[in-house]
Amino acid sequence: MAKIIAGLGTSHIPLLGHIIDKGESSAEKWAPIFDGFQFTKRWIKEQKPDVVILVYNDHATAFDMKIIPTFAIGCGEEYRPADEGYGARPVPIVKGAPKLAWHITESLIKQGFDMTIVNEMDVDHGLTVPLSMVFGEVEEWPCQVIPLAVNTVVYPAPTGERCLALGKAIRAAVEQFPEDLNVQVWGTGGMSHQLLGERAGLINREWDLAFMDDLQSHYEALAKISQVEYIRESGTEGSEMVMWLIMRGALNHDVREIHRHYHVPVSNTALGHLIYENVNEKGE
Amino acid sequence: MAKIIAGLGTSHIPLLGHIIDKGESSAEKWAPIFDGFQFTKRWIKEQKPDVVILVYNDHATAFDMKIIPTFAIGCGEEYRPADEGYGARPVPIVKGAPKLAWHITESLIKQGFDMTIVNEMDVDHGLTVPLSMVFGEVEEWPCQVIPLAVNTVVYPAPTGERCLALGKAIRAAVEQFPEDLNVQVWGTGGMSHQLLGERAGLINREWDLAFMDDLQSHYEALAKISQVEYIRESGTEGSEMVMWLIMRGALNHDVREIHRHYHVPVSNTALGHLIYENVNEKGE
Amino acid sequence: MNNNNKPYSNIPGTTVFDGDMARVGFHLNQFCMSLMQASNRDAFKQNERAYLDQWPMTQAQKNAVLARDFTQLIALGGNIYYLVKLSSSDGLSVAAAVSTMTDLSPEDYMEMMRNGGRSPEGNRFTHNKEFDEKESDKKSSKE
Amino acid sequence: MNNNNKPYSNIPGTTVFDGDMARVGFHLNQFCMSLMQASNRDAFKQNERAYLDQWPMTQAQKNAVLARDFTQLIALGGNIYYLVKLSSSDGLSVAAAVSTMTDLSPEDYMEMMRNGGRSPEGNRFTHNKEFDEKESDKKSSKE
Ligand SMILES: [Fe+3]
Ligand SMILES: [Fe+3]
């Protein structure tokens, strides 16, 4: 049976993609950013996930103002890195996991989630930057990916409670899939940042660190935070953090935080990253 | 405050649009079909709804295989009748109700429905045929319309229980809208039909009539019917009937059936139509 | 033509357009969708084979399109709402296209419809295992 | 620049991209989206006014585009993820574009970021009504 063993949360800041693509990710000036992913790169080589369900938001790339899905799940065979206005990132094509994706989609719809099914789309930095940060520069991504795009661009985003519930439903769906697959769920976006207005540049380190603290065991309380509170406390784009709750919901109640990284600033943004492994999975 | 006063269910068979558009809707051979809408045409002139929330499914017109929303709500200013391959129907542009539609959308997402927001799309026979059958041939549609497109093309459609719950959530949202508006909800699609395979032409009159009977008071039981059972009993496309449950959920528990019409066949399909008025709304 | 190992695989003469079929039929259906545009319809009619060759469809799918073999097109992942764009571009009514999948002529099909349509009796389950399967159906509907 | 009568209307210097803003800014944002294609970027650069006149935008929106007045563009319904397609086509970094909306120069803005960013202290509520409003906020978050 398929099984979710671990999950991670990470910001998906476009500048990180630029740095990598220019071949400058080992430059000393960026070390405070990239060093925090050295552990992750070793860890993922041991974990060898077959499939990553990658939760992110599309930034007006695949979807424009004509159509804005709250939850869009990719059931396609593959996804091209998008041209976001300065050429597509020179990273591998993202291979989908259509069989598992359709299985999850069918299960989610029957569980009462109103998924939008996507069979063809390009994926932007929200999806490809986390892949680069975790897997590094590779000829091929070493796993299949199921993109799960969440609307955080147009107000309102789905509530924290809805995101947490979606994560739990994804876990139930994955566990019913008959093939032996090692599946991870990644929640991306955040941490605090605001890209508009006089208040642009807002960073709330205290909020970000508390969010990462509470996510391990007090995620039900985090799920009650309204989007207005996210915006007020962590900036308009800080509300992307709600996507980490989907990852959290997909894991066991008991998880072990095996890695954490926090850095300010990357461009306009605070960078956050952590890794959870399920407890009670390996006989502990 | 805005208020839902009444709702109706009706098939949305493309042939009916062709007959109307050729000016043949008063031909004697079609009387058994169109006579059943005479009452409706008089009734709607008394009701004068300001807005109709029109639940239908897109038939591979606005959405193709690239993107398939489970629930798509139209928040746009207007919608053009679609060219479905033989030119657009010569009917008026459909005027949206964007302010109310955005209000409902925001409320639904906060209530935990994962709506896909649509600001621009063409609308096919699923939406325009019911308008023609109810309002007749007019220079302008006499009300605004909020299209609510439900996926019934790709398996699985949303469950009956989910559709019923969506209807109830729509009612709650409408009742919180501060403007005085007379709102109706229409459920369209069905009744029994199957458009493919050796079993094409299936009509289950008994099932259809029982569905219309039970919809008034036993709708909670109808909501438990699985899509597989709809398909088995009423044909692959009979499962469109699930959309009538959204209309039903948007009305009070107590409704009065003030009109019913059932006819077989129209093209490949059984035609069903009924009208409900809320009880306990006018001091009854 | 049925879907295998699904709760609907025992419905006679019926293919449910699920994820498996959608994957197989993706390009076939997108080809059909392209016929919504008059310029594409013209290009298709000019040279059907050349137009089809622009799409990453299987040979079997292309041949079934050329033959207007709707039974085969359904089996190869076509969805009826997409396929009617093909039959409409031929000037065929939906009923006429649909009837070709049955064992009836278009005239007999329409006569059957005028007489109330095809009865569900005997058409609910393959092998007439109505009673047994009805029970398992109820279970699956509560999933 | 704030949204009126909304639970977020008392957040200083912040416009939430809600349905009202999305309606006002629809064509402005779709214009920005068109700049994702190189051929459209070329046409826009060739003659900005002529390119803008193909879009049913207001004069105020067109003028704000020509002036690259991002504060104004946000007020007129622009969404930042759409607007960066405009600034990127000018070769501007996101941070540089964003800084123009603040009272800081691009250099001072980046210096603020290097020093840990803008503090939330005093930036949560307009008029510093922190205590009162915090309560109403909690209510609205339970809606
Ligand atoms: Fe983001
Ligand atoms: Fe239909």
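Thresholds, definitions, all that
- Residues numbered from 1 in each chain as written.
- Chains lettered and ligands numbered in written order.
- Predicted model: local features only at pLDDT ≥ 70, side-chain atom pairs only at ≥ 80, totals over all residues.
- Heavy atoms only, no water.
- Donors = N, O, S within 2.8 Å, 3.2 Å for Na, K, Ca; no water.
- Tetrahedral: all angles 85-135°; square planar, octahedral: opposite > 155°, others 65-115°.
- Helix = DSSP H or I, 4+ residues; strand = E, 2+ residues; numbered from the N terminus.
- Buried < 20%, exposed > 50% of the residue type's maximum accessible area, 1.4 Å probe, protein only.
- Contact = heavy atoms within 4.5 Å.
- Buried area = accessible area lost by both parts, 1.4 Å probe.
- Salt bridge = Lys/Arg side-chain N within 4 Å of Asp/Glu carboxyl O.
- Polar contact = N/O pair within 3.5 Å; in protein donor to acceptor, adjacent residues only side chain to side chain.
- Nonpolar A, V, L, I, M, F, W, Y, C, P; charged D, E, K, R; others polar.
- Phe/Tyr/Trp six-rings, centres within 6.5 Å; stacked < 30°, edge-to-face > 60°.
- Lys NZ or Arg CZ within 6 Å of the ring centre and 35° of its normal.
- UniProt positions renumbered as here; feature names shortened; annotations may be inferred.
- Pairing = 2+ DSSP bridges.
- Core = buried A, V, L, I, M, F, W, Y, C linked by side-chain atoms within 4.5 Å.
- pLDDT = per-residue confidence, 0-100.
- Axes fitted to C-alpha atoms, helices over the stretch in contact; angles between N-to-C directions.

Let us now look at the coordination of the iron ion (ligand 1). Residues and elements named next belong to chain A. The protein atoms that coordinate the iron ion (ligand 1) are His12 (NE2), His59 (NE2), Glu240 (OE) and Glu240 (OE), at distances spanning 2.1 to 2.7 Å. For the iron ion (ligand 1), the 4 donor atoms in the first shell make angles of 52 to 156 degrees at the metal, so the coordination geometry reads as irregular. All donors of the iron ion (ligand 1) come from a single chain, and their spacing in sequence reads H-x46-H-x180-E. Of this pair, histidine 12 sits in the loop between β1 (3–10) and α1 (14–21) while glutamate 240 sits in the loop between α9 (227–234) and α10 (244–250), placing them 228 residues apart in sequence. For glutamate 240, a relative accessible area of 2% puts it in the buried group.

What follows is about the interface of chain A and chain D. Contacts between the two partners involve 41 residues from chain A, matched on the other side by 48 residues from chain D. Interface of chain A and chain D: buried area, both sides summed, is about 3,900 Å²; carbon and sulfur atoms make up 60% of it. For the chain A face of the interface with chain D, the top three residues by lost area are Met65(A), Arg199(A) and Arg232(A), together amounting to 19%. Where chain A touches chain D, the interface holds 1 salt bridge. Note that Arg124(D) is salt-bridged to Glu233(A), the shortest N-O span being 2.9 Å. If you look at where chain A meets chain D, you find 23 residue pairs in polar contact (both at pLDDT 80 or more). At the level of secondary structure, the elements contributing two or more residues to the side of chain A that touches chain D comprise α9 and β10 (255–266) of chain A. Among the elements that take part in the side of chain A that touches chain D, α9(A) stands out by supplying 5 residues, more than any other. Among the residues forming the side of chain A that touches chain D, the class breakdown is 16 nonpolar, 13 polar and 12 charged.

A few words now on the packing of aromatic side chains. All names here are of chain A. Counted under the stated rule, the structure contains 20 aromatic pairs over all chains. Put simply, the rings of Trp207, Phe211, Tyr230 and Trp244 pair up and form one aromatic cluster. Note that arginine 248 overlies the ring of tyrosine 276, its terminal NZ or CZ placed 5.6 Å from the centroid.

Turning our attention to the pattern of salt bridges. Considering all chains together, one arrives at 44 salt bridges over all chains under this definition. One salt bridge connects Glu277(B) with Arg256(B), and the closest N-O pair in it is separated by 3.1 Å. A residue pair is termed long-range when its members are at least 10 positions apart, and Glu277(B) in strand β12 (residues 269–278) and Arg256(B) in strand β11 (residues 255–266) qualify at 21 residues. Using a relative accessible area of 9% as the deciding quantity, one classes Glu277(B) as buried. With relative accessibility at 31%, the residue Arg256(B) sits in the partly exposed group. Measuring nitrogen to oxygen at the nearest pair gives 3.2 Å for the salt bridge that ties Glu111(D) to Arg114(D).

Listed as interface residues are 7 residues of chain B and, on the opposing side, 5 residues of chain D. Counting the surface lost from both chain B and chain D, the interface buries some 600 Å², and carbon and sulfur atoms represent 54% of this. The tally of links from chain B across to chain D stands at 1 salt bridge. Where Arg23(D) meets Glu77(B), a salt bridge forms, and the shortest distance between an N and an O atom there is 3.0 Å.

Right, let's talk about the UniProt feature "domain: Extradiol ring-cleavage dioxygenase LigAB LigA subunit" (unreviewed entry) in chain C for a bit. Here the UniProt feature "domain: Extradiol ring-cleavage dioxygenase LigAB LigA subunit" (unreviewed entry) sits at residues 28–114 of chain C. As annotated, residues 28–114 of chain C comprises 69% helix and 0% strand, and the C-alpha atoms at either end are separated by 33 Å.

In this section: the sheet that holds strand β8 (residues 122–123) of chain B. All names here are of chain B. Taken in spatial order, the 3 strands line up as β6-β5-β8 in an open sheet, and their pairing is mixed. Bordering the open sheet on either side are β6 (94–95) and β8, each of which pairs with just one other strand. Examined bridge by bridge, strand β5 (residues 78–81) and β6 share 2 bridges and lie antiparallel to one another. Looking across to β6, one finds that tyrosine 79 is bridged to valine 94.

Let us look at the nonpolar core. In this structure, Leu245(A), Leu245(B), Phe31(C) and Phe31(D) are the most contacted members of the largest nonpolar core, which totals 198 residues. Ignoring sequence-local partners within four residues, the contact set of Phe31(D) consists of Phe44(D), Tyr51(D), Leu52(D), Trp55(D), Met57(D), Val65(D) and Leu86(D). Judged by nonpolar contacts, the second largest core, of 52 residues, contains Trp43(A), Val52(A), Val94(A) and Trp186(B).

The next point concerns the pairing of strand β10 (residues 182–188) of chain B. All names here are of chain B. For β10, a buried count of 7 out of 7 residues is recorded, marking the element as mostly surrounded by other parts of the structure. Covered by surrounding structure in β10 are Asn182, Gln184, Trp186 and Thr188 together with Val183, Val185 and Gly187, the residues of both alternating faces. Where strand β1 (residues 3–10) and β10 come together, 7 bridges link them in parallel fashion. In the strand pairing of β10, lysine 3 is matched with asparagine 182. Looking at chain direction, strand β2 (residues 51–56) and β10 are connected through 5 bridges and run parallel. Looking at the pairing, isoleucine 53 lines up with valine 185 of β10.

Attention now moves to the environment of Arg68(C). All names here are of chain C. One can find arginine 68 in the loop between α4 (59–66) and α5 (70–75). Sequence separation between arginine 68 and leucine 83 is 15 residues, and the spatial gap between their C-alpha atoms is 9.5 Å. For arginine 68, the contacting residues outside a window of four places in its chain are Phe44, Glu48, Leu86 and Asp90.

All names here are of chain C. Confidence along chain C averages 89 in pLDDT terms, with 87% of residues attaining 70 or more. For the stretch residues 131–136, pLDDT sits under 50, and the model shows 4 contacts to residues farther than four places along the chain or on other chains. Counting contacts from residues 138–143, a segment whose pLDDT is below 50, to residues more than four positions away or on other chains yields 4 contacts. The ipTM value of the predicted complex is 0.95, and its pTM value is 0.95.

It is worth spelling out the coordination of the iron ion (ligand 2) at this point. All names here are of chain B. Coordination sphere of the iron ion (ligand 2), protein contribution only: His12 (NE2), His59 (NE2), Glu240 (OE) and Glu240 (OE), at 2.1 to 2.6 Å. We note that the donor set of the iron ion (ligand 2) lies within a single chain, spaced as H-x46-H-x180-E. One end of the pair, histidine 12, is in the loop between β1 and α1 (14–21); the other, histidine 59, is in the loop between β2 and β3 (67–69), with 47 residues separating them in the sequence. Neither residue differs from the other here; histidine 12 and histidine 59 are each classed as buried.

A few words on the side chain of His12(A). All names here are of chain A. On the accessibility criterion, histidine 12 (3% relative accessible area) is buried. Engagement of the side chain of histidine 12 in a polar contact is seen with the side chain of histidine 59, the distance being 3.3 Å. A polar side-chain atom of histidine 12 sits 2.9 Å from a polar atom in the side chain of threonine 188. Apart from residues no more than four positions distant in its own chain, histidine 12 is found in contact with Tyr56, Asn57, His59, His125, Gly126, Val129, Pro130, Thr188, Gly189, Gly190, Glu240 and Met243.

The mixed open sheet is built from 9 strands, whose spatial order is β10(A)-β11(A)-β1(A)-β9(A)-β2(A)-β8(A)-β4(A)-β7(A)-β3(B). Both edges of this open sheet fall to β10 of chain A together with β3 of chain B, since each of them pairs with a single strand only. Between one strand and the next, the sheet's axes are offset by a mean angle of 15 degrees, whatever the strand orientation. Across the sheet, helix α3 (residues 38–47) of chain A lies against β1, β9 (182–188), β10 and β11 (269–278) of chain A, angled at about 30 degrees from β11(A), the strand it touches most. Running at roughly 165 degrees to β10(A), helix α7 (residues 205–217) of chain A makes contact with β10 and β11 of chain A of the sheet.

Turning our attention to the pairing of β5(B). As judged from the 2 bridges shared by β5(B) and β8(B), these two strands associate in the parallel manner. Bridge pairing links Arg80(B) to Asp122(B) in β8(B).

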